[in-house]
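Summary of structural features
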Amino acid sequence: MHSTTSKELRALADPRILSVRVVDLRFPTSRESIGSDAVNKDPDYSAAYCILSTDSGLEGHGLTFTLGRGTELCVMALEYVARFVKGRTLSSITEDFVAFSRELTDESQFRWLGPEKGVIHLACAALINAVWDLYAKAEGKPVWRLLAELPAEKLVSMVDFRYIDDAITKEEALAILSASQATMPERLRHLEEEGYPAYTTSVGWFGYSEEKIRRLAREGLAEGWTHFKLKVGGVPADDLRRGQIVREEIGPNNRLMVDANQKWGVLEAIERTRALGSLNPWWMEEPTNPDDILGHARIRRDVAPIRIATGEHCHNRVMFKQLMQAGSIDVCQIDSCRVAGVNENLAIILLAAKFDIPVCPHAGGVGLCEYVQHLAMFDYLRVSTTLKDRVIEYVDHLHEHFVDPVVIRRGRYMLPKKSGYSIEIYPESLARYSFPNGEVWSGR
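To start, this report covers the structure provided alongside it.

Reading guide: rules and limits
Residues numbered from 1 in each chain as written. Predicted model: local features only at pLDDT ≥ 70, side-chain atom pairs only at ≥ 80, totals over all residues. Heavy atoms only, no water. Helix = DSSP H or I, 4+ residues; strand = E, 2+ residues; numbered from the N terminus. Rg over C-alpha atoms; globule rule 2.2 N^0.38 Å. Buried < 20%, exposed > 50% of the residue type's maximum accessible area, 1.4 Å probe, protein only. Contact = heavy atoms within 4.5 Å. Areas by Shrake-Rupley, 256 points an atom, 1.4 Å probe, with all protein chains shown as cover. Lys, Arg positive; Asp, Glu negative; His and termini not counted. Charge placed at Lys NZ, Arg CZ, Asp CG, Glu CD. Expected span 1.5 Å × (residues − 1). Arc of directions from axis to C-beta. Core = buried A, V, L, I, M, F, W, Y, C linked by side-chain atoms within 4.5 Å. Disulfide = S-S within 2.5 Å. Axes fitted to C-alpha atoms, helices over the stretch in contact; angles between N-to-C directions. Parallel < 35°, antiparallel > 145°, perpendicular 65-115°, else oblique. Left-handed = near helix turned anticlockwise from the far one by under 90°. Nonpolar A, V, L, I, M, F, W, Y, C, P; charged D, E, K, R; others polar. Right-handed = clockwise from strand over helix to strand, strands pointing away. Pairing = 2+ DSSP bridges.

This part takes up the overall build of the protein chain. Counting secondary structure elements, the protein chain contains 18 helices and 11 strands. By the compact-globule yardstick of 22 Å for 444 residues, the protein chain fits well, its C-alpha radius of gyration being 21 Å. Principal-axis analysis of the C-alpha atoms gives the protein chain an extent of 70 × 55 × 45 Å. Burial statistics for the protein chain: of 444 residues in total, 61% are counted as buried. Nonlocal contacts in the protein chain, meaning residues at least 24 apart in sequence, comprise 75% of its contacts between residues at least 6 apart. Taken as a whole, the protein chain presents about 17,600 Å² of accessible surface, with 50% of it coming from carbon and sulfur. With 53 positive and 61 negative side-chain charges, the protein chain shows a separation of 1 Å between the mean positions of the two kinds.

Moving on, we get to helix α10 (residues 210–222). Because an α-helix completes one turn every 3.6 residues, residues spaced three or four positions apart along the sequence face the same direction. Its 13 residues give α10 an end-to-end C-alpha distance of 19 Å, which sits within 8% of 18 Å, the value for a rise of 1.5 Å per residue. Among the residues of α10, those classed as buried are I213, L216, A217 and G220. Mapping the buried residues of α10 onto a view down its axis gives an arc of 105°, with all of them on the same face. Among the exposed residues of α10, those oriented more than 90 degrees off its buried face are E211 and A222. Looking at the buried side of α10, the elements it contacts are β4 (196–204), β5 (227–231) and α11 (236–250). Backbone geometry just after α10 places G224 at a positive phi near 105°.

We now examine the nonpolar core. With 143 residues, the main nonpolar core has V366 and Y413 as its most contacted residues. When residues of this core are assigned to their parent elements, the largest contribution, 14 residues, is made by helix α5 (residues 118–139). Beyond its immediate stretch of four places on either side in the chain, V366 contacts F27, Y45, S46, A47, L63, F65, L398, F402 and I425. Y199, M257, W282 and A309 belong to the second largest nonpolar core, which has 8 residues in total.

On to the state of the cysteines. Taken as a whole, this structure holds 0 disulfides when the rule is applied. No disulfide involves C314; its sulfur sits 7.8 Å from the nearest other cysteine sulfur, which is in C332. For C360, which is in no disulfide, the shortest distance to another cysteine sulfur is to C332 and amounts to 8.6 Å. C360 gets classed as buried once you look at its relative accessible area, which sits at 0%.

Moving on, we get to the packing of helix α15 (residues 341–354) against helix α16 (residues 368–383). Relative orientation of the contacting elements α15 and α16 amounts to 45°, with a least axis distance of 11 Å. In terms of orientation, α15 and α16 fall into the oblique class. In this structure, α15 crosses over α16, and the sense of that crossing is right-handed. Touching N345, L346, I349, L350 and A353 of α15 are L375, F378, D379 and V383, all from α16. Here the residues of the contact of α15 with α16 sort into 7 nonpolar, 1 polar and 1 charged.

With that settled, consider the pairing of strand β8 (residues 307–310). Residues R307 and A309 of β8 are buried on one face, and the alternating residues I308 and T310, pointing to the opposite face, are buried as well. Between strand β7 (residues 283–285) and its parallel partner β8, the chain crosses via helix α13 (residues 293–303), and the hand of that crossover is right-handed. With 2 bridges joining them, β8 and strand β9 (residues 331–332) adopt parallel strand pairing. What sits directly across from T310, in β9, is C332. Once the chain exits β8 it traverses helix α14 (residues 317–325) before rejoining the sheet at β9, and the crossover so formed is right-handed.

Another point: helix α9 (residues 184–194). Residues of α9 that are buried: M184, R187, L188 and L191. Considered in projection along α9, the buried side chains sweep an arc of 105° and stay on one side of the axis. Residues of α9 that are exposed and point over 90 degrees away from its buried face: E186 and E193. Looking at the buried residues of α9, the elements they touch are α6 (143–149), β4 and α16. Taken from the residues just after α9, G195 is the one with a positive phi, measuring 80°.

It is worth stressing that arrangement in space is one thing and function is another; only the former is reported here.
This is how it looks when you write it as structure tokens:
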């Protein structure tokens, strides 16, 4: 019988990253209009996916979400930044996560292509999230639990306050995280029993017929959903009619959100949002260009009391800071890999707590639901300490490809139990959907 050697024990406790494999992964969702909206009419849900192999046998998996064409650019960037982890022990990264993040985002020549935005930042997110997956597996915990059980001082040390300390200081963040520790067990029991509230976007994709929207709304209601989102940004009369179908099916007491996916300029966004007021929308999402901080502020003022939500295309913590400082948003929609992974999302979650803005993560795509459940649950356990006005997006596509897929019961995310970040994809799916040589693509 094999007995574990001291070298093997050291590798298990502090694995060394030996190699990084990167995969261009694409699913042909455009064929059924899955994910379609007024701007992104033919998305193929895709990802630049990476696997960190170690001397312990543990692997760290991570991805960044894309829509098809252009994934190869993220793959190339990811292959480049992967050089910063090869040969390193896990502890050499986790002991100073800010320094590691800056190695990636401050690479002197690559930084010019951002800085801290776009393809490079997406690649950094995939790599940083893969490190977190490995970290959680080495600790034998799901990421939400790993984060929730870390001391406040350790969590603060993982956040890069450069560029945001005019809005939240380390001392303020420490106070927020310290105050929540004593009451966390009570909230954890609630999550274990009830799960985390969610909303469904699967009923209202832009390319769906009105008959399909009506059928899916009825089915969603029967499954226990109470929050529904509809894509808008088409002909005004069509938007209103489609919205009326959903409202008719879900009744006056369930919540309906509308999402324009950046379709309009500021003045048109105000006009079009007001025109949908009769639907009693809980929020209007991405009404205009995601970079227009002052435009969002004007829209928010002029369409009140309809709330404004955005964030899935917000580049980094600096933009989130400004959206909050300018009074531009009512709902903060973090994305698990638009910004640079877990660490930058910690910064944004803390900013949202400082400005008293609910965090309602963007999800769907490939693995985004699997990812963001961990961030939202950590937010509830250690930061916001409330579920008021908080929901996680849910899209019912592609979960069958994941080793540890999300579990939804009656419109709620249930706590993930397996160690890691829930993002590992089955090897056969990686092979079949890899681009351009996987079976799904080579046979076209």
